[in-house]
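Structural characterization, general
Residues per chain are reported as follows:
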Amino acid sequence: MEKSKELLQTVSPKEVHIQDEFWSSYNKLVREVVIPYQYDALHDRIADAEPSHAIKNFEIAAGRTEGEFHGFVFQDTDVAKWIEAVGYSLMTHPDPELERITDEVIQLVSEAQGEDGYLNTYFTIKEPDKRWTNLADCHELYTAGHMIEAGVAYYQATGKRQLLDVVCRLADYIDTVFGPEEGKLHGYDGHQEIELALVKLYRLTGEEKYLRLSQFFIDERGKQPNFLEQEWENRDRINFFVGKTDRIDLAYSQAHVPVREQKVAVGHAVRAVYMYTAMADLAGQTGDESLYEACKTLWNNIVHKQMYITGGIGSTHHGEAFTIDYDLPNDTVYSETCAAVGMVFFAHRMLQIQPKGEYADVLERALYNTVTGGMSQDGKHYFYVNPLEVWPAACHHNPDKHHVKPVRQKWFGCSCCPPNVARLITSLGQYIYSSDEDTIYTHLYVGTSAELPVGGRHVRIQQETGYPWNGASRFTFTMEQPQSFTLALRLPGWCKQAALTINGETVQYASLLRDGYVYIQREWSADDVVEWSMEMDVQIIRANPKLRATSGKIALQRGPLVYCLEQADNGELIAALQIETDQPMTARFDETLLGGCTIIEGSAIREQEQNWGESLYQDHAPEQTRQSFTAIPYFMWGNRGEGDMTVWVRKA
């Protein structure tokens, strides 16, 4: 397999303490606002928000109260992802009260588990005789997977085994139901998730059967005779959500052909990238060459033909899905927040197999633009969909744009995205560095103090940075005695010029650059100081002409951040603006705007609408005036009320 000497070692979030002007505020927001807010949401305590019913369902399943199941069939996952976010938060910020209330939730979950290990409130309460009869639609294994991830994270944070024991019993039970052996179901879930969760459980426990079960689910998918199709026929072609159907879309769940034969990303975007994450996990863990080649093929298709400039994926709300290559509409886009989270997962797993700059570039792009954009600055409002162009009136009145919200929402009936954002931000430490026997890899530029294993010993590395507003980072080390190892610094794809100094002396890095990383090998001591300065220029981005939605338009980027124009800064009808690319553009930090951010300013031409009268069309050029424009980071849009917004702007 084309990879580094060994699979890179992911650093536990527990070993990485974030001390960063940008990310520390996000971590604080999640700890102090988001986690408590989501706890209240799960308990149906948020006024004017859609009720969750999630905790209530567990109370009924546990026998603490009576009632009917409410919510989506996979409602349990909101609780699981909340527990996982808490686990990651507790790793670096102990909180006895938060731990106490989480233990109470875990006790409730454990009471809802059946004697045989089964755990799912929908089927326990509503249809106990229908277990495993509709894997295509009902997400039983998906739901189990999220609870497994929660159990792993909470044990790693606290050392408490209650939830870990629950999920091990659940996984053991699933292993008795599914597998290649006679008498077991030769099937898999419609929504992938169990696969990557089982790999996590294997890495924690060392139980080989969990790895084998994950491999079975991946290998079985798409084989003929097709399990999901047979299951659908056995249900008299009944779909759980819409009733009787005349066809089943196997590509929607990436079950149309075996995974190693899939060449193009299709179907539900979140399902796809969760599956690709598991495939990369297994390829790295087992050295499966064919699985790794499939991962690279699918990666290349997404990144080079089906990914938005913001790192978002999924171009249609019909099925929350991919469509075809280069079909990336900006105003009817889906780009689900969960899909961007999944893209971070996929990129990170690929990065552990091969430290390649493109993987970290995409991870960074999705993280800084779409994931952070999915949550408001108050931590209490969220985007499910992340559009690149918004006309609020059309969102309210055009049925084709009903899914696009011009402002973030308090909560959702299907609220997968808010807890997904929370668990990613609280676990951010694991994405910043990796290491192997002789190299420390820096993937992201985040102010941190981290303990990393290298060369049989541990090195504490401190990083200070002004990212993402400027590209200057400074590295120092804490070690008992000098130690030889390699420090690999990522040179982002957006950076055209950088400067490297060690102890004040300039180092020419061109000869040290390989696959997007600058490899600095030497004997390091506690006195060494590395300064890595990446120039951040305003970049005018153009899209491949095959991408029809952006024809004649440009986008602005500075460093890892994609920018947009909002009505609040530029007036209504942004579609009438054309940016003058031959005029200077400047970037400056505005402390007063949205809590402080770097904005881009320049000159634009506006087509005047006042002189059109009642005409809808005319045969001569409209009058034009010149005005300045202001662009803000895309992730910050929608924090000042409704208004026009666009990422792609016409070029004058």
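Thresholds applied
Residues numbered from 1 in each chain as written. Predicted model: local features only at pLDDT ≥ 70, side-chain atom pairs only at ≥ 80, totals over all residues. Heavy atoms only, no water. Helix = DSSP H or I, 4+ residues; strand = E, 2+ residues; numbered from the N terminus. Buried < 20%, exposed > 50% of the residue type's maximum accessible area, 1.4 Å probe, protein only. Contact = heavy atoms within 4.5 Å. pLDDT = per-residue confidence, 0-100. Pairing = 2+ DSSP bridges. Axes fitted to C-alpha atoms, helices over the stretch in contact; angles between N-to-C directions. Core = buried A, V, L, I, M, F, W, Y, C linked by side-chain atoms within 4.5 Å. Parallel < 35°, antiparallel > 145°, perpendicular 65-115°, else oblique. Left-handed = near helix turned anticlockwise from the far one by under 90°. Nonpolar A, V, L, I, M, F, W, Y, C, P; charged D, E, K, R; others polar. Salt bridge = Lys/Arg side-chain N within 4 Å of Asp/Glu carboxyl O. Patch = residues over 30% accessible without salt bridge, like charges linked within 9 Å, V, L, I, M, F, W, Y side chains within 5 Å. Areas by Shrake-Rupley, 256 points an atom, 1.4 Å probe, with all protein chains shown as cover. Expected span 1.5 Å × (residues − 1). Polar contact = N/O pair within 3.5 Å; in protein donor to acceptor, adjacent residues only side chain to side chain.

1. Quick notes on the side chain of Gln-578
- For Gln-578, the location among the structural elements is in strand β20 (residues 577-579).
- Take Gln-578: its relative accessible area is 11%, and that puts it in the buried class.
- When residues no more than four places from it in sequence are discounted, the contact partners of Gln-578 are Ser-603, Ala-604, Ile-605, Glu-607, Gln-624, Arg-650, Lys-651 and Ala-652.

2. Digging into the confidence of the model for the protein
- Looking at the protein, pLDDT values average 95 and 98% of them are 70 or higher.
- For the stretch residues 1-5, pLDDT sits under 50, and the model shows 19 contacts to residues farther than four places along the chain or on other chains.

3. So, the sheet that holds strand β10 (residues 472-478)
- In space, the 7 strands of this open sheet follow the order β2-β8-β9-β10-β16-β12-β13, with antiparallel pairing throughout. Pairing within the sheet leaves two strands with one partner each, and these edge strands are β2 (16-18) and β13 (505-507). With strand direction ignored, the average angle separating the axes of adjacent strands in the sheet is 25°.
- Two elements, strand β8 (residues 448-454) and strand β9 (residues 457-465), share 7 bridges in a ladder whose sense is antiparallel. Paired with Leu-452 across the two strands is Val-459, which belongs to β9.

4. A closer look at the sheet that holds strand β14 (residues 513-514)
- One open sheet holds the 6 strands; their spatial order is β1-β6-β7-β11-β15-β14, and the pairing between them is mixed. Looking at the sheet topology across the chains shown, the edges are occupied by β1 (9-10) and β14.
- Sheet topology note: the strand β6 (residues 433-435)/strand β7 (residues 439-442) ladder contains 3 bridges and is antiparallel. Opposite Ser-435, over in β7, you have Ile-440 as the bridge partner.
- In this fold helix α15 (residues 357-373) packs onto β11 (483-490) and β15 (517-524), with an angle of close to 55° to the strand it touches most, β11.

5. Some points on the nonpolar core
- Membership of the largest hydrophobic core comes to 222 residues, with the highest contact counts inside it found for Ile-174 and Trp-532.
- Ile-174 has contacts with Trp-132, Leu-141, Ala-144, Ile-194, Leu-213 and Phe-217, leaving out every residue within four places of it along the chain.

6. Focus on unusual backbone geometry
- That bond from Gln-224 to Pro-225 is cis: its omega, -5°, falls within 30 degrees of zero.
- Here Pro-225 shows up in the loop between α10 (208-220) and α11 (227-234).
- Cis rather than trans, the peptide bond between Tyr-467 and Pro-468 has omega equal to 0°.
- Among the structural elements, Pro-468 can be located in the loop between β9 and β10.

7. Description of the packing of helix α13 (residues 289-305) against α15
- Close contact between α13 and α15 brings their axes to 12 Å; oriented N to C, the two are set at 50°. In terms of orientation, α13 lies oblique with respect to α15. Two packed elements cross with a definite hand, and for α13 against α15 that hand is left-handed. Contacts between α13 and α15 involve Tyr-292, Lys-296, Trp-299, Asn-300, Val-303 and His-304 from the former and Glu-358, Tyr-359 and Val-362 from the latter.
- Grouping the amino acids of the contact of α13 with α15 by side-chain chemistry returns 5 nonpolar, 2 polar and 2 charged.

8. What to know about the pattern of salt bridges
- If you walk through the whole model with that rule in mind, you get 37 salt bridges.
- Residue Lys-200 pairs with Glu-149 through a salt bridge whose shortest N-O separation is 2.6 Å. On the criterion of sequence distance, the pair formed by Lys-200 in helix α9 (residues 194-205) and Glu-149 in helix α7 (residues 140-158) is long-range, its members being 51 residues apart.
- The class for Lys-200 is buried, based on a relative accessible area of 19%.
- Salt-bridge contacts for Arg-203 lead to Asp-281; the nearest nitrogen and oxygen are separated by 3.3 Å. Of this pair, Arg-203 sits in helix α9 while Asp-281 sits in helix α12 (residues 269-286); the two residues are 78 residues apart in sequence, bridging distant segments of the chain.
- For Arg-203, a relative accessible area of 41% gives the class partly exposed.

9. Examining a nonpolar patch on the surface
- Taken together, the side chains of Phe-72, Phe-240, Phe-241 and Val-242 make up a nonpolar region of the molecular surface, amounting to roughly 370 Å² of accessible area.
- With respect to the helices and strands, the residue Phe-241 is situated in the loop between β3 (238-239) and β4 (243-244).
- Here Phe-241 falls in the partly exposed class, since its relative accessible area comes to 45%.

10. So, the pairing of β7
- Residues Thr-439 and Tyr-441 line one face of β7 and the alternating positions Ile-440 and Thr-442 line the opposite face, and both faces are buried.
- What sits between β6 and β7 in their antiparallel hairpin is a turn of 3 residues.

11. Observations regarding α7
- End to end, α7 covers 27 Å across 19 residues, agreeing with the expected 27 Å (1.5 Å per residue, within 8%).
- Among the 19 residues in α7, 16 count as buried, and that is most of the element.
- A positive phi of about 75° marks Gly-159, the residue just after α7.

12. Considerations on the side chain of Arg-221
- Residue position: Arg-221 is located in the loop between α10 and α11.
- Those residues within four positions of Arg-221 in sequence are excluded, and the remaining contacts are Tyr-188, Asp-189, Gly-190, Gln-192, Glu-195, Ser-253, Gln-254, Ala-255, Val-257, Pro-258, Val-259 and Met-275.

13. Some words on the environment of Tyr-118
- Turning to its location among the elements, Tyr-118 is positioned in the loop between α4 (96-112) and α5 (121-125).
- Relative accessible area serves as the criterion here: at 2%, Tyr-118 is assigned to the buried category.
- Sequence separation of Tyr-118 and Ala-171 is 53 residues, and the distance between their C-alpha atoms is 8.8 Å.
- Once residues lying within four places of it in the same chain are set aside, the contact partners of Tyr-118 are Ala-112, Gln-113, Phe-123, Thr-124, Arg-131, Trp-132, Glu-140, Leu-170 and Tyr-173.
- At 2.6 Å, the side chain of Tyr-118 forms a polar contact with the side chain of Glu-140.

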